[in-house]
Amino acid sequence: MTTQKIAILGGDGIGPEVIREARLLLELLRDKGGVSLEFLDLDLGADRYLRDGTTFPQAIADQLRNECRAVLLGALGDPRVPGLEHARDILFGMRFGYDLFANVRPVRVLSDRLVPLKGRLAKDIDIVVFRENTEGVYVGFGGQFKKGTPDEIGINEDVNTRKGVERIIRAAFEWASKNGKKRVCMADKSNAMRFAHELWLRTFQEVAKEYPAIEARHVYVDALCLFMIQDPTQFDVVVTNNLFGDIVTDLGAALQGGLGMAASANVHGSDTQRVALFEPVHGSAPPLAGKDIANPFASFLTVGMMMTHLGHAKFEPLIEAAITEALDAHKCTRDVGGELGTKAASAFVRELLASRL
Ligand code: NAD
Ligand code: IPM
Ligand code: MN
């Protein structure tokens, strides 16, 4: 088996704490699961930026592109860098630089206990959000004018290309058809943003014709937020733009038991050769940092997604099952109703898993 190289970047705040545990999980899969993995530990993030000004050097970007199959990232964001320059350089450097146009964020719940909706069970919430990841307001087109004066202007352009819109919509339909899902819902604001989102709506209707077996539904994103709470059983696959996808997946995380339970993959469609980026949906949660209280399960679920992407699909359900058992036994962190610290919750799941590999 060829060795797959994984770059590991803890980042800021709770990032290094949860990624340390996720690395132990990867080591377990390597040592007992028979997956041939090699690690490249990266010293990037706020500490490094404050030390020597480094954010995401071209040489490292090239090395990851040429040598690695995946990057596991914790989180970036530190109050000592209020402008978040390093975070944008690194995170967008990878998402845009490697053209990882699909940010895939499952909204699934691993224990009935975590469902916050009255009368609902975990099985009622099973959605995968395809967030466009290379366009929208995130491209950084715009500027400020007359800054600091009463007449100042701030502009961020919303960039939507036919190619970009079409490929994420197609990725959502492709994933649905390969995974036996019958419904794809596209969420936009074409009632207000009539140029950019008319493009989304028209493209969606055209691509949907190629998938007659899949029900294609359009909703405005504000209504999507309402429906996800009122009746999440309406949705299988949701596709939307970069900004709306960011917001809707934090809403989704609330349905999953919080940000400590939400995983994501940043991929170039179904291309598994190009380096891809895997990260929990949560941020660096500065108030939790250094206290051994952050939930490591979002990072574990992210490792599960990475394993499937790298061709080792049998591990993702095993990781999920072990986390479900930990949750049901309350062997988890406080945010999900347990009393364990980050390290102990991680060890419990890894020990369960080790007995099954
Ligand atoms: P956050 O995700 O860090 O925290 C939001 C809430 O969720 C907090 O109440 C926090 O305590 C809780 N939470 C998050 N992760 C948790 C975990 N693993 N276990 C338990 N509770 C958890 O969002 P924020 O506070 O808005 O952002 C903090 C910083 O992180 C900012 O600088 C932001 O830009 C950055 N951020 C980075 C990423 C990333 O690198 N991908 C993602 C989101 C936010
Ligand atoms: C996320 C984060 C990032 C985003 C921030 C840190 C720029 O919120 O990955 O969800 O908006 O994409
Ligand atoms: Mn976010």
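Residues numbered from 1 in each chain as written. Chains lettered and ligands numbered in written order. Predicted model: local features only at pLDDT ≥ 70, side-chain atom pairs only at ≥ 80, totals over all residues. Heavy atoms only, no water.

K.L.:
Would you explain the site of ligand 1 in this entry?
P.N.:
With respect to spatial proximity, 19 residues lie near ligand 1, and among them L76, E279, G283, A285 and N295 are the closest. In this structure, E279 approaches ligand 1 through a side-chain N or O atom, which is 3.0 Å from a nitrogen atom. The backbone of A285 places a nitrogen or oxygen atom 2.8 Å from an oxygen atom of ligand 1. Burial of ligand 1 by the protein amounts to 63% of the accessible area it has alone, namely 800 Å². (Near = heavy atom within 4 Å. Polar contact = N/O pair within 3.5 Å; in protein donor to acceptor, adjacent residues only side chain to side chain. Areas by Shrake-Rupley, 256 points an atom, 1.4 Å probe, with all protein chains shown as cover.)

K.L.:
I would appreciate a short explanation of the layout of surface pockets in the present structure.
P.N.:
Where empty space is left in the structure can be found by rolling a water-sized probe over the atoms. Looking at the largest pocket, its volume works out to about 980 Å³. Elements supplying a minimum of two residues to the lining of the largest pocket: strand 4 (102–108), strand 5 (126–132), helix 5 (162–178), strand 11 (263–267), helix 9 (297–309) and helix 10 (315–328). Of the residues belonging to the lining of the largest pocket, the class tally is 17 nonpolar, seven polar and nine charged. Residues lining the lining of the largest pocket come from more than one domain, with at least three contributed by each of domain 1 (1–101 + 268–357) and domain 2 (109–258). Each pocket or cavity is described by its volume, and for the second largest pocket that value is around 590 Å³. Around the second largest pocket, the lining comprises 24 residues; the ones closest to its centre are L76, L91, F92, R95 and Y138. The residue makeup of the lining of the second largest pocket, split by class, is twelve nonpolar, five polar and seven charged. Formed jointly, the lining of the second largest pocket draws a minimum of three residues from each of two domains, domain 1 (1–101 + 268–357) and domain 2 (109–258). (1 Å grid on protein atoms, 1.4 Å probe; cavity = no way out; pocket = protein on both sides within 12 Å on 5 of 7 lines; lining within 4 Å. Points joined across faces, edges and corners; volume = space filled by probe spheres on them. Helix = DSSP H or I, 4+ residues; strand = E, 2+ residues; numbered from the N terminus. Nonpolar A, V, L, I, M, F, W, Y, C, P; charged D, E, K, R; others polar. Domains from an automatic or database assignment.)

K.L.:
Hey, could you run me through the site of ligand 2 in this one?
P.N.:
Lining the immediate surroundings of ligand 2 are L91, F92, R95, R105, R131, Y138 and D246. A distance of 2.7 Å separates an oxygen atom of ligand 2 from a polar side-chain atom of R95. Here an oxygen atom of ligand 2 and a side-chain polar atom of R105 are 3.0 Å apart. In this structure the site holding ligand 2 corresponds to the second largest pocket. No other element matches helix 4 (residues 85–97), which puts three residues into the shell around ligand 2. The residue makeup of the shell around ligand 2, split by class, is three nonpolar, no polar and four charged. A domain split of the shell around ligand 2 shows at least three residues from each of domain 1 (1–101 + 268–357) and domain 2 (109–258). (Sits in = over half its atoms within 2 Å of the grid points.)

K.L.:
Looking at this structure, I do not really get the pairing of strand 8 (residues 183–188). What am I missing?
P.N.:
Regular strands show a simple pattern: their side chains alternate between the two faces of the sheet. Most of strand 8 sits out of view: five of its six residues are buried. With six bridges joining them, strand 8 and strand 9 (residues 215–220) adopt parallel strand pairing. When the bridges of strand 9 are listed, V184 appears paired with A216. Once the chain exits strand 8 it traverses helix 6 (residues 196–208) before rejoining the sheet at strand 9, and the crossover so formed is right-handed. Sheet analysis places strand 8 next to strand 10 (residues 237–240), joined by four bridges and oriented parallel. Bridge pairing in strand 10 places M186 opposite V239. (Buried < 20%, exposed > 50% of the residue type's maximum accessible area, 1.4 Å probe, protein only. Pairing = 2+ DSSP bridges. Right-handed = clockwise from strand over helix to strand, strands pointing away.)

K.L.:
Looking at this structure, I do not really get the nonpolar core. What am I missing?
P.N.:
In terms of nonpolar packing, the biggest core is built from 88 residues, with F130, M307 and I323 touching the most fellow members. Composition of this core by domain shows at least three residues from each of domain 1 (1–101 + 268–357) and domain 2 (109–258). Excluding residues that lie within four positions of it along the chain, M307 makes contacts with L26, L29, V35, L37, H312, A313 and F315. With 23 residues, the next largest nonpolar core counts L9, I60, I90 and Y138 among its residues. (Core = buried A, V, L, I, M, F, W, Y, C linked by side-chain atoms within 4.5 Å. Contact = heavy atoms within 4.5 Å.)

K.L.:
How should I be thinking about the sheet that holds strand 3 (residues 70–75) in this particular structure?
P.N.:
To summarise the sheet geometry, strands pair through backbone hydrogen bonds and adopt either a parallel or an antiparallel arrangement. Read from one edge to the other, the open sheet built from ten strands follows the order 2-1-3-12-11-4-5-10-8-9, with strand pairing classed as mixed. Each edge of the open sheet is held by one strand with a lone partner, namely strand 2 (37–41) and strand 9. Looking at each pair of strands side by side, their axes are set apart by 25° on average, direction ignored. Packed on one face of the sheet, helix 5 meets strand 4, strand 5, strand 8, strand 9 and strand 10 and runs near 160° to strand 5. Contacts from helix 9 reach strand 1 (4–11), strand 2, strand 3, strand 4, strand 11 and strand 12 (276–280), with the element oriented near 155° to strand 12. (Axes fitted to C-alpha atoms, helices over the stretch in contact; angles between N-to-C directions.)

Limitation: the analysis is restricted to geometry and does not speak to function.
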